[in-house]
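Examination of the molecular architecture
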Amino acid sequence: ADTADIHYLTILHTNDNHGRFWHNEKGEYGMAARKTLIDQLRADAQQQGHAVLLLSGGDINTGIPESDLQFAEPDFKGMSLIGYDAMAIGNHEFDNPLSILKQQQQWANFPLLSANIIDKKTGKNAFQAYKIFNKQGLKIAVIGLTTTDTAKIGNPQYIGGLEFQEPVAITQSLAEKIKAQYQPDITIAVTHMGHYVNANYGINAPGDVTLARSLPAHTLDMIIGGHSQEPVCMVAENVTDENFKPGLACKPDQQNGTWIMQAHEWGKYVGKAEFKQENGVLTLLDYKLLPVNLYLDKTQTDGSIKPELANEYIKPDAALKTFLADYQAKGAKQIAGEIGYVDAKLEGDRNKVRYQQTNLARVIVQAQMNVVGADFGIISGGGIRDSIAAGEVSYKDILKVHPFKNRITYIDWQGQELWDYLETVTSFPPNSGAYLQYHKLSFERNDNALTKVMINGKALDKSKTYRMSINSYNASGGDGYPVLINYKGFISTDETDTQALKRFFIENSPVKTIEFAPK
Ligand code: ATP
Ligand code: ZN
């Protein structure tokens, strides 16, 4: 073959960083070691004359207090120093006001892409939709896409002016337009939509598999994804490799001619895909999920089990580590120190708070009721993001429960209006973020209707007025709750959920869980 028609491309990728700029207590992952690995991979590829592209499947924000408190500044700046070429905008990029996202775009020296987010006012793309790269004689188009679930699970206070459009039609027409205008050699979608095996997306919005199957074959050469936070490793067509572990081989998914790749989460792995393009035909030569200092439990010769590194130790890049250490220290300082005490575990595990009433939910609601002098209060279970262990409680513990910085709001309801509202919110089923957690309220439902409501132990009087506390997320329609912000009698305070819970521990420690046990 004519050698001029042979090109090589190495794609490096991560996704769902979620505030993990720093390594964990065990020394796993972290951006400094990630940089060492990526520098090495890039140098190897470039030495062989391969084009290299480094992509992220989004959700840089939210998950670690040290990062959240600094609006992911270390994460975006760290990505810039590592040399990311582009990222998809994830749903968690909307956890802060849009002004913060603008700021994050400034911290990033690479584009935040999404082709399917439309500014409702202008009808135009709210973000850069795609970017064309010219690398080693290859023209590569990268299109960004964001899950339409963002409209459902994102913060309505911040995303109200945005429309999240179905990605399939947009991708098809955009790919055609790009093809006509630029004739790219390779077309990639970098997405934050989730990989759902065999397109079984369940209650989620359709993800990467549906996208690949819905497009004409070869519209996209590959999808570099995120959101479902798994290593996408397959054993057979439409069957995931349940036995995948750090260090083992990983075969990415392929649907309708399109490769689909995802590197689990938190920078635990760097995905590396080596392609050869010959006379327009793209072949995957090698794929690996390379662990970043992950430990595995290994059985020793004496039968005992010891954690061992799954890969050869990757020494963190010294300069990046120094750069990030300042942020880590600054963040840690803000959250250090005990603020209170609790005598037993306060339950906030995702498998509990989305299914049943828990003591932590009651503590949270009580803390919010205290801020506004409410008769009772509510919160959706999905808004509780972690448990609090028995013993000393730190500000860090509070921030893990409440990473979103919602404000405390309240509404003074007429009994009848309140009844109608409760009719809706008490109907949300378990196993969803919307599942209602409540305090100083009890009710009965029969045949899909609300039949009895008690507030603070007394039957609801439809002629009386009641004050209900609720956070700004649910009040503005988050989790499908009826929108309250335009009601007469609705008031928003400046106090955040984090501040309210912190104050509660300072003022009420030692907190006795028995007082908050659901009956
Ligand atoms: P991803 O999979 O992208 O990481 P996620 O983990 O947030 O998203 P879920 O675990 O399904 O996705 O959580 C979604 C739930 O989180 C929502 O149903 C809602 O209850 C809660 N939630 C999301 N954003 C907020 C917010 N700003 N304030 C309060 N609760 C929120
Ligand atoms: Zn996500």
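Per an unreviewed UniProt entry, the chain goes by Bifunctional UDP-sugar hydrolase/5'-nucleotidase and derives from Pseudoalteromonas arctica. Under the Sequence similarities (unreviewed entry) heading, UniProt states for the chain: "Belongs to the 5'-nucleotidase family."

So, about the overall build of the chain. Helix and strand content of the chain: 15 helices and 28 strands. For 519 residues, the compact-globule formula gives about 24 Å, and the C-alpha radius of gyration of the chain, at 25 Å, lands near that figure. Counting over 519 residues, the chain shows a buried share of 49%. Put simply, 76% of the contacts in the chain that link residues at least 6 apart link residues at least 24 apart.

Time to look at the packing of helix α3 (residues 73-82) against helix α9 (residues 318-335). When two helices pack together, their arrangement is given by the angle between their axes and by how far apart the axes lie. At their nearest, the axes of α3 and α9 sit 10 Å apart, and the two run at 170° to each other. By the angle class used here, α3 and α9 are roughly antiparallel. Where α3 abuts α9, its residues E73, P74, G78 and L81 lie against L320, F323, L324 and Y327. In terms of residue class, the contact of α3 with α9 is built from six nonpolar, one polar and one charged.

The next subject is the domain arrangement of the chain. In many analyses, interface size is given as the accessible surface area lost on bringing the parts together. Per the domain assignment, the segments making up the chain are domain 1 (7-332) and domain 2 (338-516). Computed over C-alpha atoms, the centres of domain 1 and domain 2 are 35 Å apart. At the interface, nine residues of domain 1 touch eleven residues of domain 2. Partitioning the side of domain 1 that touches domain 2 into residue classes produces three nonpolar, four polar and two charged.

Attention now moves to the packing of helix α11 (residues 359-372) against helix α15 (residues 497-508). Closest axis-to-axis distance for the α11/α15 pair is 9 Å, and the angle between their directions is 100°. Comparing the axis directions of α11 and α15 gives the class roughly perpendicular. Contact residues: α11 offers V363, I364, Q366, A367, Q368, N370 and V371, while α15 offers D497, A500, L501 and F504. Of the residues contributing to the contact of α11 with α15, the split by class is seven nonpolar, three polar and one charged.

We now examine the environment of G78. Secondary-structure assignment places G78 in helix α3. Take G78: there are 28 C-beta atoms within 10 Å of it, and that puts it in the buried class. Taking the C-alpha atoms as reference, G78 lies 7.3 Å from L320; in sequence the two are 242 residues apart. The residues touching G78, leaving out its near neighbours within four places in the chain, are F21, M31, L320 and L324.

This part takes up the sheet that holds strand β28 (residues 490-496). The five strands lie next to each other as β23-β20-β27-β22-β28, forming an open sheet whose pairing is mixed. Edge strands, defined here as strands with exactly one partner in the open sheet, are β23 (436-439) and β28. Within the sheet, the average angular offset between the axes of one strand and its neighbour, ignoring direction, is 25°. As paired strands, strand β20 (residues 376-380) and strand β27 (residues 465-471) are joined by two bridges and run parallel to one another. Residue pairing across strands places F376 opposite M468, the latter belonging to β27.

What follows covers the environment of Q229. Counting through the fold element by element, Q229 comes out in the loop between β10 (222-224) and β11 (234-236). A count of 18 C-beta atoms within 10 Å places Q229 in the partly exposed class. Q229 sits 97 residues away from D326 along the chain, and the two C-alpha atoms are 28 Å apart. With sequence-adjacent residues up to four places away left out, Q229 is seen in contact with D16, H264 and E265.

This part covers the pairing of strand β15 (residues 269-278). Summarising burial for β15: seven of the ten residues are buried, a large majority. Where strand β1 (residues 6-14) meets β15, eight bridges bridge the pair, whose relative direction is antiparallel. In the strand pairing of β15, I6 is matched with E278. Sheet topology places β15 next to strand β16 (residues 281-291); ten bridges connect them, and they run antiparallel. In the sheet register, G271 faces β16, and the bridge partner there is L289. Here β15 hands over to β16 after two residues, with N279 in that stretch at a positive phi of 45°.

About the cut-offs
Residues numbered from 1 in each chain as written. Chains lettered and ligands numbered in written order. Predicted model: local features only at pLDDT ≥ 70, side-chain atom pairs only at ≥ 80, totals over all residues. UniProt positions renumbered as here; feature names shortened; annotations may be inferred. Helix = DSSP H or I, 4+ residues; strand = E, 2+ residues; numbered from the N terminus. Rg over C-alpha atoms; globule rule 2.2 N^0.38 Å. Buried ≥ 20, exposed ≤ 12 C-beta atoms within 10 Å, placed from the backbone. Contact = placed C-beta atoms within 7 Å. Axes fitted to C-alpha atoms, helices over the stretch in contact; angles between N-to-C directions. Parallel < 35°, antiparallel > 145°, perpendicular 65-115°, else oblique. Nonpolar A, V, L, I, M, F, W, Y, C, P; charged D, E, K, R; others polar. Domains from an automatic or database assignment. Pairing = 2+ DSSP bridges.

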